[in-house]
Amino acid sequence: MQEEDAARPAGAYEGFGGRLGRTFAGSEGWWPPRPTPGADAPNVVVILCDDLGFSDLSCYGSEIDTPNLDALAKSGVQLTNFHVTPMCSPTRAALLTGVNPHRAGAGHVANSDPGFPGYAAELADDVSTMAEIFRDAGYATMALGKWHLTKDADMADAGPKKSWPLQRGFDRYYGFLDAFTNLHQPHRLVEDNHTVEIDEYPDDYYLTDDLTDRALGMIAQVKASNPSTPFLCYIAEGAVHAPLHCKPEDLERHRGRYAAGWDAIRDARHKRQLAMGVIPPGTELPPRNQEEGDEVQAWNDLSRDDQQLYARYMEVYAAMVDNVDQNVGRLRAGLAEMGVLDNTIFVFMSDNGASREGEGAGTSAYFRTLVSKNVKDIEDHNADRERIDLLGGPRTMVHYPRGWAMVSNTPWRLYKINTHAGGHSVPFIMSWPNGGDTIPVGERRNQWVFVTDVLPTLLELTGVERHETRAGITLQPLAGTTLTPALRDANAAHAHTEQHFEMAGHRGYYREGWEIVTRHRALTEFGDHEWELYHLTADPTELQNLAADQPERVAEMAARWEEKARDNQVYPLDEGSRVRFVTRPPYEDPFKEPVRLLRRVHTLERYRSQLLIQWRSFTVDVELALRSGDRGVIVAHGDQGGGYSLHVDDDDELFFVHNGFGTMTEVSAGTVHDGTRSIRLEVIAPGGWTWDVRVLVDGEERATAEGLVMLGAMAPFSGIDVGIDRRSPVSWSRFEREGAGRFTGELTAITYTPGESAPDAGDRFVDLLREIGLRYE
């Protein structure tokens, strides 16, 4: 030992496990251990569908034929009492972390950051994602599709990107960071940590197909690179969230299927569910939803024109569900071709119940309907009827009426966002052919299960360990419980016996077969008087409110909800004043300053673009050196859902185009001549959700337009383009002639200068809204 110590060079490496001499020949190397999952480690695929209702698959009672998902259920286990949160971002947070959503930082959708830890619009630092855990264990990790766990202001290319998928444990990512997108012409795709720069999509492009192709490519690359490396593949579909888009051949298969209307279709689904055993024997179908603001009109009371339109909306939706099923089949076939299907744990589920966002009459203009509660008389259902043959295609932004959401959620009450069963009861299927007795084949389970149970279950099935700390931070404990005992035995108790809910002021609490729940109306007092009580074991569809009969039980459970809410960062509650949405964080202030965009800049990200014009006046100054014959798009902001643009046509004529949620206005600004150096677009926001527009060429007023609808909320949904109109165009007629319409002349830059807020802009009334909200403190 003394000779070896004497031979060891000074400054030998601390922690080095080999023997260090003076030469390689006289030394023994040592390699730090790597995680080695083992040759038999199972792969994991998790598919999260968006806004898919409980009854939308044929194995859950639907008339929509879903043979591939039926086959998945027959090869595994189908849960019939599985619950998520009533909204997308919170469910994603709970699924990926195994922690309750408010504790994970995502108590609401990631489109507002009011400054509270339960509503941070991104995952907290003291939670570990499924991807981080599995990557630490040696898995290759990949995510595809919808993310929706990044703050609006952090989605731009400058970031910060700490809450993008790659920074939360995924090796690869391909999808969209936003809440939704156009499935025919996605507004912005991100690959890994960068924007995918694309001007035009192929005519037959469809996002759901693309995501499957990309997933199979990523998996094949991993398996070719190292066959012993297991993978975790998380696919968060854009379907079936609005805007509803489908492929023509899929739509054709569902023509005429919904002429009978939502009452008859719902009744038929309920009967099939009973016959199949998807719901307990004797489960009653609730009456048609009649709560104020949630009510559904009897189908037979609708006009023939409305019936025809509403049936077409549902045909589009059914075609989307059909296509999701096809892609599940393609994915499984691809895994089988690679020889990895049998050792893959395959999970399929939805993020919340079916959506009410089309409200009573549905829409061909989703972005218009999203602002309709704040803008008087903006809806135009005559325009919807006129566009019936375009529904499902790239020119419309469809959402069905809430009567079809009621059908999708059969037999449960109410919708997405509600804490009644329709908001959080969803399909769940799990399969693992090599799992032996752990996951049965072709069986159902009716134990009450919550989304936070998925991660602990996957960890137990794969043998992967979740560490207690990460990057020096002590992690929150898992809120969920493995459901493997329930998977093995239909009669086994599941240890997850209580769970709180909260969404937009609606509250709920489940415990051992009992439930208290509220349907909170905005700007009304919170209190114990709101609680309804149901014994779900005997009354799974929430028909017999026992609150008046058992006030002691209500009080005890309400106190427990209060305790859980305090422990899980649920407070403050949303009283409905909308102050949480108009109060914006200070880190957004730089986005409201003037910006000069060079032509080489690719599309400016949606939200970063939106803050330049949101609820305000603004100017657009164009620097160019025009010559006769120059043509194409000078500036475009938006898409078929709403936007505006300037372009020069083949006759040297300048046009301003305004797409008001699908209603087109085109104004000529006359001929532009050789030597034109500047064009200015002035947009004034006088109030009443309107814009007045002036177009000036070299300082001379050339065109005006008054009373145009002001775009806001989620429109324009595509960002600003300089010298081109990429992907979904503002003007379809121009797009048909010219495609993306790249400007042929010399265009140096465009400067956006935000102006005064409209007199009735929400940010002018923060104090008033807060005062209104305080009445319900």
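Since this is a predicted model, take the numbers as computed values, not measurements.

S.K.: Got a sec to walk through the pattern of salt bridges? Specific residues and values, please.
M.R.: Tallied over the full model, the rule gives 65 salt bridges. When the shortest N-O distance is used, the salt bridge between K151 and D113 registers 2.8 Å. Of this pair, K151 sits in the loop between β4 (140-146) and β5 (172-176) while D113 is found in the loop between α4 (101-104) and α5 (130-136), placing the two residues 38 residues apart along the sequence. A residue is classified by how much of its surface remains accessible, and K151, at 10% relative accessible area, is buried. Across the salt bridge formed by R214 and D210, the nearest N and O atoms sit 3.4 Å from each other. One end of the pair is R214 and the other is D210, both in helix α6 (residues 207-225) and four residues apart, which spans about a single turn. For R214, a relative accessible area of 32% translates into the label partly exposed. Several salt bridges share partner residues, and in doing so they unite D294, E295, R356, E359, K373, R402 and R519 into one network.

S.K.: Describe the environment of S75, and please don't skip the residues or the numbers.
M.R.: Position of S75 relative to the elements: it lies in the loop between α2 (67-74) and β2 (76-79). When the C-alpha positions of S75 and I772 are compared, they lie 55 Å apart, and in sequence the two are 697 residues distant. Those residues within four positions of S75 in sequence are excluded, and the remaining contacts are R332, S431, P440, V441 and G442. Here the side chain of S75 touches L72 through a polar contact of 2.9 Å, landing on its backbone oxygen.

S.K.: Outline the pairing of strand β23 (residues 653-660), supporting the account with residue identities and numerical values.
M.R.: Summarising burial for β23: seven of the eight residues are buried, a large majority. Across six bridges, strand β22 (residues 642-648) lies against β23 in antiparallel orientation. Residue pairing across strands places G643 opposite N659, the latter belonging to β23. Adjacent in sequence and paired antiparallel, β22 and β23 are bridged by four residues, among which D652 carries a positive phi angle near 65°. Relative to strand β24 (residues 663-671), β23 is paired through seven bridges, and the arrangement is antiparallel. Directly across from V657, in β24, lies its bridge partner E666. The turn joining β23 and β24, which pair antiparallel and follow one another in sequence, is formed by two residues; a positive phi near 55° is taken by F661.

S.K.: Residue-level account of helix α9 (residues 304-337), with values.
M.R.: Counted at 1.5 Å a residue, the expected span for α9 with its 34 residues is 50 Å, and the 49 Å between its end C-alpha atoms agrees. In the stretch just after α9, G339 is the one whose phi turns positive, near 80°.

S.K.: Could you give me a rundown of the packing of α2 against α9, with the residues and numbers involved?
M.R.: Relative orientation of the contacting elements α2 and α9 amounts to 55°, with a least axis distance of 7 Å. As summarised for this structure, α2 and α9 are arranged oblique, according to the angle between their axes. Of the residues in α9, those touching α2 at P67, N68, L69, A71 and L72 are D325, Q326, V328, G329 and R332.

S.K.: So what about the environment of E525? Which residues, and what values?
M.R.: Position of E525 among the secondary structure elements: in the loop between β17 (514-517) and β18 (532-535). Judged by its relative accessible area of 54%, E525 is exposed. Separated by 158 residues in sequence, E525 and V683 place their C-alpha atoms 41 Å apart.

S.K.: I'd like to hear about the packing of aromatic side chains, residue by residue, with values.
M.R.: Here the structure, examined in full by the defined rule, presents 31 aromatic pairs. Between F180 and Y366, the aromatic rings sit 5.4 Å apart at their centres with planes inclined by 70°, giving edge-to-face as the arrangement. Here F180, found in the loop between β5 and β6 (190-191), pairs with Y366, found in helix α10 (residues 366-370); they are 186 residues apart in sequence, far enough to count as distant. In terms of burial, F180 and Y366 fall into one category: buried. A centroid spacing of 5.6 Å and a plane angle of 90° characterise the contact between F450 and F501, whose relative ring orientation is edge-to-face. With a gap of 51 residues between them, F450 in strand β12 (residues 449-450) and F501 in strand β15 (residues 498-503) connect regions that are remote in the sequence. Clustering of aromatic rings is evident, with ring pairs tying together Y258, W262, W299, Y310, Y313 and W404. Above the ring of W531, the side-chain terminus of R507 is found at 4.5 Å from the ring centroid. When the ring centre of W561 is taken as origin, the NZ or CZ atom of R507, which lies over that ring, is 5.3 Å away.

S.K.: Describe the sheet that holds β2, listing the residues and the values that go with them.
M.R.: Read from one edge of the open sheet, 10 strands run β7-β6-β5-β4-β8-β1-β9-β10-β2-β11, paired in mixed fashion. Every other strand in the sheet has two partners, leaving β7 (194-195) and β11 (443-445) as the edge strands with one partner each. The sheet contact formed by β2 and β11 spans three bridges and is parallel. Within the sheet, the bridge partner assigned to L79 lies in β11 and is R445. Its contacts with the sheet place helix α3 (residues 88-97) against β1 (43-49), β4, β8 (231-236) and β9 (344-350), and it is angled at close to 170° to β8.

S.K.: So what's going on with the nonpolar core? Residues and values would help.
M.R.: If you look at the biggest cluster of nonpolar residues, it comprises 136 residues, and the most contacted ones within it are F348, W404, I634, V695 and Y752. Considering every element that reaches this core, the biggest residue donor is α9, with 15 residues. Excluding residues that lie within four positions of it along the chain, I634 makes contacts with V622, L646, H647, V648, L654, I679, D721, V722, G723, F743, L747 and I750.

S.K.: Mind laying out the side chain of S128, listing which residues take part and the relevant values?
M.R.: Positionally, S128 belongs in the loop between α4 and α5. Ignoring sequence-local partners within four residues, the contact set of S128 consists of L96, T97, I133, R168, R466, R470 and L475.

S.K.: I'd like a description of the state of the cysteines, backed by residues and values.
M.R.: As enumerated under the stated definition, the model contains zero disulfides in all. No disulfide involves C49; its nearest neighbouring cysteine sulfur is the one of C59, lying 12 Å away. Using a relative accessible area of 0% as the deciding quantity, one classes C49 as buried. In this structure C246 is a free cysteine whose sulfur lies 14 Å from that of C49, the closest cysteine sulfur available. The class for C246 is buried, based on a relative accessible area of 3%.

Conventions we followed
- Residues numbered from 1 in each chain as written.
- Predicted model: local features only at pLDDT ≥ 70, side-chain atom pairs only at ≥ 80, totals over all residues.
- Heavy atoms only, no water.
- Salt bridge = Lys/Arg side-chain N within 4 Å of Asp/Glu carboxyl O.
- Helix = DSSP H or I, 4+ residues; strand = E, 2+ residues; numbered from the N terminus.
- Buried < 20%, exposed > 50% of the residue type's maximum accessible area, 1.4 Å probe, protein only.
- Contact = heavy atoms within 4.5 Å.
- Polar contact = N/O pair within 3.5 Å; in protein donor to acceptor, adjacent residues only side chain to side chain.
- Pairing = 2+ DSSP bridges.
- Expected span 1.5 Å × (residues − 1).
- Axes fitted to C-alpha atoms, helices over the stretch in contact; angles between N-to-C directions.
- Parallel < 35°, antiparallel > 145°, perpendicular 65-115°, else oblique.
- Phe/Tyr/Trp six-rings, centres within 6.5 Å; stacked < 30°, edge-to-face > 60°.
- Lys NZ or Arg CZ within 6 Å of the ring centre and 35° of its normal.
- Core = buried A, V, L, I, M, F, W, Y, C linked by side-chain atoms within 4.5 Å.
- Disulfide = S-S within 2.5 Å.

The values reported here are purely geometric and, on their own, carry no functional implication.
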